[in-house]
Amino acid sequence: MLSTFDGLLDGMSVVQPDFTPARYGLLTACDGGLLEVSGLSVPIGTMCRIGNLGAEVIGFRGSNTLMMLLGDPVLLRPGGKVRTEGRPGMLPVCAGFLGRAVDAEGKPIDGGPAISAREEWPAGGIRTGALDRAPVRECFDVGVRALNALTTFGVGQRIGVMAGSGVGKSVLIDMIAHGAHAEVVIVGLIGERAREVSDFVEKHMVGPKRARSIVVAVPADHAPNLRIRGALLATSLAEYFRSQGKRVLLIMDSLTRVAHAAREIGLLLGEPGAARGYPPSALATITKLVERAGKSAASGGSITGLYTVLADGDNHDDPVVDTARAILDGHVVLSRDLAQRGQYPAIDIAASLSRVMNDIVAPDHARLARRFRALVASYEANRDLVLMGAYRAGADPDLDTAIAMHPELVRFMGQDAHDVIPLDDSVAALHALLGP
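Attention here is on the structure that accompanies the text. (Residues numbered from 1 in each chain as written. Predicted model: local features only at pLDDT ≥ 70, side-chain atom pairs only at ≥ 80, totals over all residues. Heavy atoms only, no water.)

1. Structural notes on the overall build of the protein chain
Reasoning step 1: Looking only at helices and strands, the protein chain features 14 helices and 19 strands.
Reasoning step 2: Since a compact globule built from 436 residues should have a radius of gyration of about 22 Å, the 24 Å found for the protein chain is in line with a globular shape.
Reasoning step 3: For the protein chain, the spread of C-alpha atoms along the three principal axes comes to 85 × 50 × 40 Å.
Reasoning step 4: For the protein chain, the residues scored as buried account for 49% of the 436 residues in total. (Helix = DSSP H or I, 4+ residues; strand = E, 2+ residues; numbered from the N terminus. Rg over C-alpha atoms; globule rule 2.2 N^0.38 Å. Buried < 20%, exposed > 50% of the residue type's maximum accessible area, 1.4 Å probe, protein only.)

Take a look at the structure:
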């Protein structure tokens, strides 16, 4: 029985007592989730407590500190005492998060015991020079044949999965989380439905996979600063394991919800909306978050980042989609038309791209992948003519080949959600389909 308290006692032995006087401020205004507190001068990012409610400092106006509430403002009253807790700008990290599902504050949501984290990591990451990032030179196996063969990912690459709602982003993420070869898999479910969180934990936090997995979940009904904090916690945990030389897969679902949360905070602070209502700080949040992934030359570890991006109304020119596409090292586009035809995963191969593929695969593999893309693009561009019977055979040899091979091409791109097809098997299947 005493062994249960060993970890707690060890942690207490290294904690230094704090004899400084406790400081507190007074609540002077509450406008929705925005609070104004007087008499408390603390840095931005500090976590505070107002009775049983949490709040985070997001700015200041004159001598008053601005905070965003982490819960419901019911029971708040003028003059309430506001006290600080924790260290500003630091997030808990440790190996104890492995196998656990936690919220944005690192507290368990899986019914397990509390996690005693003795280490901390800067919420904004540890900034390094551009040349401290090692180049991407090794293939990353995701277990999906179409991606392995046609848009091959690299260890340390940042990839976006872009699609409208209901096209299959979550299913594809499930397939990659199940089939990817990584030492640590960290999944940030940010701003998604609570049902998806429970489904994901039930599928992936069981058996031997659980020991290498971490889930950071912040559903859509949580405060916007909690959603951003959840994304920062998932990324900080990934950086922590990368610093130990681990090969980490970081899945962020979704980057768009993080941008929405940053937009809410920016507009609440009075920042003017620019690109379709997104203030500049919201789009900058995406860039800062994505740039933290990559391969470290110092530790030899890597973070392969996979970020889902919601194209609102299937508009791929949305500011979030456009910003993500510009900063990421590749993107996978899911097509609603393909999904309606029953092709899953509904990957639009012609529109998808891996910017590191040519540097990490054999020349014949890259050649066959380009040939496959050309055949698919040729068929899709002339699909209406072919279906109407308006195309005359022999007018275009490439289109003739695409029409003849179309059933085989569709079968190659399709895959059952529970199947895992390794990289070598995917490349071999591509060679068998298109020849030497």
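Don't stop here, the text continues.
2. Considering the sheet that holds strand 3 (residues 47-50)
Reasoning step 1: Strands sit in the order 1-2-5-4-3-6 around a closed barrel of six strands; the barrel is antiparallel. Here the strands of the sheet are splayed against their neighbours by 45° on average, with no regard to which way each runs.
Reasoning step 2: Alignment of strand 2 (residues 34-38) against strand 5 (residues 64-69), held across four bridges, turns out to be antiparallel. Directly across from Glu36, in strand 5, lies its bridge partner Leu66.
Reasoning step 3: On top of the sheet, helix 5 (residues 224-242) reaches strand 3, strand 4 (53-61) and strand 5; it is set at about 80° to strand 5, its chief contact. (Pairing = 2+ DSSP bridges. Axes fitted to C-alpha atoms, helices over the stretch in contact; angles between N-to-C directions. Contact = heavy atoms within 4.5 Å.)

3. Considerations on the pattern of salt bridges
Reasoning step 1: Summed over all chains, the structure comprises 17 salt bridges.
Reasoning step 2: We note a salt bridge from Arg100 to Asp110, for which the minimum N-O separation is 2.8 Å. Of the two residues, Arg100 is situated in strand 8 (residues 100-102) and Asp110 in the loop between strand 8 and strand 9 (119-122); the sequence distance between them amounts to ten residues.
Reasoning step 3: For Asp110, a relative accessible area of 28% translates into the label partly exposed.
Reasoning step 4: For Arg325, the salt bridge goes to Asp322, with nearest N and O atoms at 3.2 Å. (Salt bridge = Lys/Arg side-chain N within 4 Å of Asp/Glu carboxyl O.)

4. Regarding the pairing of strand 15 (residues 247-253)
Reasoning step 1: In terms of residue burial, strand 15 counts as a mostly covered element, since six of its seven residues are buried.
Reasoning step 2: When strand 13 (residues 184-190) meets strand 15, the two strands line up parallel, connected through six bridges. The partner of Val185 across the bridge, within strand 15, is Leu249.

5. Focus: the nonpolar core
Reasoning step 1: Of all hydrophobic cores here, the largest spans 58 residues; its most connected members are Leu147, Ile176, Val332 and Phe372.
Reasoning step 2: When residues in this core are grouped by element, the largest group, seven residues, is from helix 11 (residues 363-381). (Core = buried A, V, L, I, M, F, W, Y, C linked by side-chain atoms within 4.5 Å.)

6. Some remarks on the side chain of Thr65
Reasoning step 1: The topology assignment puts Thr65 in strand 5.
Reasoning step 2: Overall, Thr65 belongs to the buried group, its relative accessible area being 4%.
Reasoning step 3: Reaching out from Thr65, the side chain makes a polar contact with the backbone oxygen of Leu40 at a distance of 2.6 Å.
Reasoning step 4: The contacts of Thr65, once residues within four sequence positions are left out, are Leu35, Glu36, Val37, Leu40, Ser41, Val42, Val57, Gly59 and Phe60. (Polar contact = N/O pair within 3.5 Å; in protein donor to acceptor, adjacent residues only side chain to side chain.)

7. With respect to the packing of aromatic side chains
Reasoning step 1: Evaluation of the coordinates by the stated rule reveals three aromatic pairs.
Reasoning step 2: Here the aromatic rings of Phe372 and Phe412 are separated by 5.3 Å at their centres, their planes lie at 50°, and the arrangement is tilted. Within this pair, whereas Phe372 is found in helix 11, its partner Phe412 is found in helix 13 (residues 397-413), the two being separated by 40 residues in sequence.
Reasoning step 3: Under the relative-accessibility criterion, Phe372 is labelled buried at 0%.
Reasoning step 4: What makes Phe412 buried here is its relative accessible area of 6%.
Reasoning step 5: Taken together, the aromatic side chains of Trp121, Tyr240 and Phe241 make up a single cluster linked through ring pairs.
Reasoning step 6: A cation over a ring is seen here: Arg145 above Phe412, with NZ or CZ 5.4 Å from the ring centre.
Reasoning step 7: The ring of Tyr278 has Arg263 sitting right over it, with the charged end atom 4.4 Å from the ring centre. (Phe/Tyr/Trp six-rings, centres within 6.5 Å; stacked < 30°, edge-to-face > 60°. Lys NZ or Arg CZ within 6 Å of the ring centre and 35° of its normal.)

8. Observations concerning the pairing of strand 4
Reasoning step 1: With four bridges connecting them, strand 3 and strand 4 associate as antiparallel partners. By the bridge assignment, Cys48 is partnered in strand 4 with Ala55.
Reasoning step 2: Where strand 3 folds back on strand 4, the antiparallel hairpin that results is connected by two residues, among which Gly51 adopts a positive phi of roughly 65°.
Reasoning step 3: As paired strands, strand 4 and strand 5 are joined by six bridges and run antiparallel to one another. Within strand 5, the position partnered with Phe60 by the bridge is Thr65.
Reasoning step 4: The hairpin formed by strand 4 and strand 5 contains two residues between the paired strands, and Gly62 there has a positive phi angle of roughly 65°.

9. Focus on the packing of helix 3 (residues 169-179) against helix 4 (residues 194-204)
Reasoning step 1: Close contact between helix 3 and helix 4 brings their axes to 11 Å; oriented N to C, the two are set at 25°. Overall, the two elements helix 3 and helix 4 adopt an arrangement that is roughly parallel. As for the relative orientation of helix 3 and helix 4, their crossing is right-handed in sense. Seen from helix 3, the contacting residues are Ser170, Asp174, Ala177 and His178; seen from helix 4, they are Glu196, Phe200, Lys203 and His204.
Reasoning step 2: For the contact of helix 3 with helix 4, the per-class residue count stands at two nonpolar, three polar and three charged. (Parallel < 35°, antiparallel > 145°, perpendicular 65-115°, else oblique. Left-handed = near helix turned anticlockwise from the far one by under 90°. Nonpolar A, V, L, I, M, F, W, Y, C, P; charged D, E, K, R; others polar.)

10. Regarding the packing of helix 5 against helix 6 (residues 255-268)
Reasoning step 1: Their axes nearest at 8 Å, the elements helix 5 and helix 6 cross at an angle of 135°. The angle between the axes of helix 5 and helix 6 places the two elements in the oblique class. Where helix 5 crosses over helix 6, the two elements pack in a sense that is left-handed. Contacts from Pro224, Asn225, Arg227, Ile228 and Ala231 of helix 5 reach helix 6 at Arg257, Val258, Ala261, Ala262, Glu264 and Ile265.
Reasoning step 2: Here the residues of the contact of helix 5 with helix 6 sort into seven nonpolar, one polar and three charged.

None of the figures reported here should be taken as evidence of function without further support.
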